[in-house]
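Letter by letter, the chains look like this.
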Amino acid sequence: MTMALAHGDGEIDRQTRRGMALMVGAAFVMPCLDAIAKILGQSISPAQIGFMRFTLQAFMLTAGFAILGRTILSKNMRRAAPKLALAGAFMASATLLLFWGLQTLPLANAIVLLFVAPLFLTLFAAFVLGEQVGVHRFGAVVVGFIGALIVIRPNFLLFGWSAILPLLAAACFAGLMATLRSVSFGLDGFRIQLACTAFGAIFLGVALLVGTAAGVEVIAFTVPTIDILPLIILLTVIGIVGQAMMTFAAKFAEASLIAPFQYIEIIAATVLGYVLFNEFPDELTWLGTAVILSAGLYTIHRERRRQRVRATEVPLA
């Protein structure tokens, strides 16, 4: 068994239950962030939403470190800076693409395509990180992308090229995860979150300067009205809380055990989309969603098997 058990009685221990509960909570919280971004997209550009969120988030985290009397910069932080900058670029790109797509796509339809990210990560692990990926996992990737095409097809007919933006965002999220996987300098989750959001704000700030000068609407800056500031603050707080919940969930329980709970986001996004925007996915979207989730769950299953095999291997003397 890969899940932690208490006293051999077959019950999941308290630590693992805590991790599972935190991941479930994060799965309900994070779609609220995307729903707010969709509302804000009616007033300001996707790049500006991301820039304001990352800037405020970096400020809040910095203030939190100061209040707790903890230093931010360290030798490990400086050593990891190039990789953290790359992670920030991936995070900024993913956020821009997702928020851009949310301007036209239904909330649940966009979030479903984000769950292709683990499949992209499998490809990155094989072709960039040099990890061994078997035929079963490659098969799951192929099936997952077929599911993505099923989701995209009706959306593409209705919304055009914006239907592909969440898929590109998923690729950037996979790049973010692959980059952070290679950060092995002993940094805690909050310092990594601070560094990524700070670099993300810098990249989006540069994009806003270029976009405003060139008149590119999706990356242009406009002076925000006072009524959207509470939404920006709420967006930022939700981002900090949701990411913290996922960080601690991974600390308390195995990643392969809690990963399936992320799929609850689709349920939460569907409810929010229906209540806030009168949206509901059509039959083809649900079919594609089922295919994507099946591929994702199978990938998680194979990963847990690999971890179990590694755990039972006896090193040679």
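A quick note: this is a predicted structure, and the numbers were derived from the prediction, not measured.

Colleague: Would you explain the overall build of the protein chain in this entry?
Modeller: When helices and strands are counted, the protein chain shows 12 helices and two strands. Helices (α) and strands (β) of the protein chain occur, in sequence order from the N terminus, as β-β-α-α-α-α-α-α-α-α-α-α-α-α. For the protein chain, the proportion of its 317 residues judged to be buried stands at 48%. Across the protein chain, the fraction of contacts at a sequence separation of at least 24, relative to all contacts at a separation of at least 6, is 85%. Taken as a whole, the protein chain presents about 15700 Å² of accessible surface, with 70% of it coming from carbon and sulfur.

Colleague: How should the pattern of salt bridges be read in this particular structure?
Modeller: It is possible for side chains of opposite charge to pair when their charged atoms get near one another. Tallying each qualifying case throughout the model produces one salt bridge. Lys 38 serves as the salt-bridge partner of Glu 279, at 3.5 Å between the closest nitrogen and oxygen. Of this pair, Glu 279 sits in the loop between helix H11 (264-277) and helix H12 (283-312) while Lys 38 sits in helix H1 (residues 14-40), and the two are 241 residues apart along the sequence. Here Glu 279 matches Lys 38 in class, with each residue buried.

Colleague: For this particular structure, what's the right way to read the packing of aromatic side chains?
Modeller: Given two aromatic rings, one states the distance between the centres and the angle between the planes to describe the pair. Applying the stated rule across the entire model yields six aromatic pairs. Members of the aromatic cluster, each reached through a chain of ring pairs, are Phe 190, Phe 248 and Phe 252. In this arrangement the basic side chain of Arg 18 is found over the ring face of Phe 252, its NZ or CZ atom lying 5.3 Å from the centre. Geometry around Phe 277 places Lys 38 over its ring, the cationic atom sitting 5.3 Å from the centre.

Colleague: Help me out: how do you make sense of helix H4 (residues 107-114) in this one?
Modeller: An α-helical turn contains 3.6 residues, so a residue and the one three or four places further along point in the same direction. Of all eight residues in H4, eight are buried, a share of seventy percent or more. Where H4 is concerned, the buried positions are Leu 107, Ala 108, Asn 109, Ala 110, Ile 111, Val 112, Leu 113 and Leu 114.

Rules behind the numbers
Sequence positions are assigned chain by chain, starting from 1 and proceeding in written order. Only residues with pLDDT of at least 70 get local features here, since the model is predicted, and only at 80 or more are side-chain atom pairs given and counted; chain-wide, interface and lining totals rely on the full set of residues. Computation of side-chain values covers all heavy atoms of the structure but excludes hydrogens and water. Each helix corresponds to a stretch of at least 4 residues labelled H or I by DSSP, and each strand to a stretch of at least 2 residues labelled E; elements are numbered beginning at the N terminus. The buried label applies to any residue whose accessible area, calculated with a 1.4 Å probe on protein chains only, is under 20% of its type's maximum; exposed applies above 50%, and partly exposed to all values in between. When checking whether two residues touch, look at their non-hydrogen atoms; a contact exists if any pair is within 4.5 Å. Only the protein chains shown count as cover for residues, and the accessible areas themselves come from Shrake-Rupley with a 1.4 Å probe. Whenever Lys or Arg places a side-chain nitrogen within 4 Å of a carboxyl oxygen from Asp or Glu, that contact is recorded as a salt bridge. Classification of ring pairs rests on two measures: the distance between centres of Phe, Tyr or Trp rings, Trp counted by its six-membered ring, which must be within 6.5 Å, and the angle between planes, read as stacked under 30 degrees, edge-to-face over 60 and tilted in between. Any Lys NZ or Arg CZ that is within 6 Å of a ring centre and within 35 degrees of that ring's normal is treated as a charge sitting over the ring.

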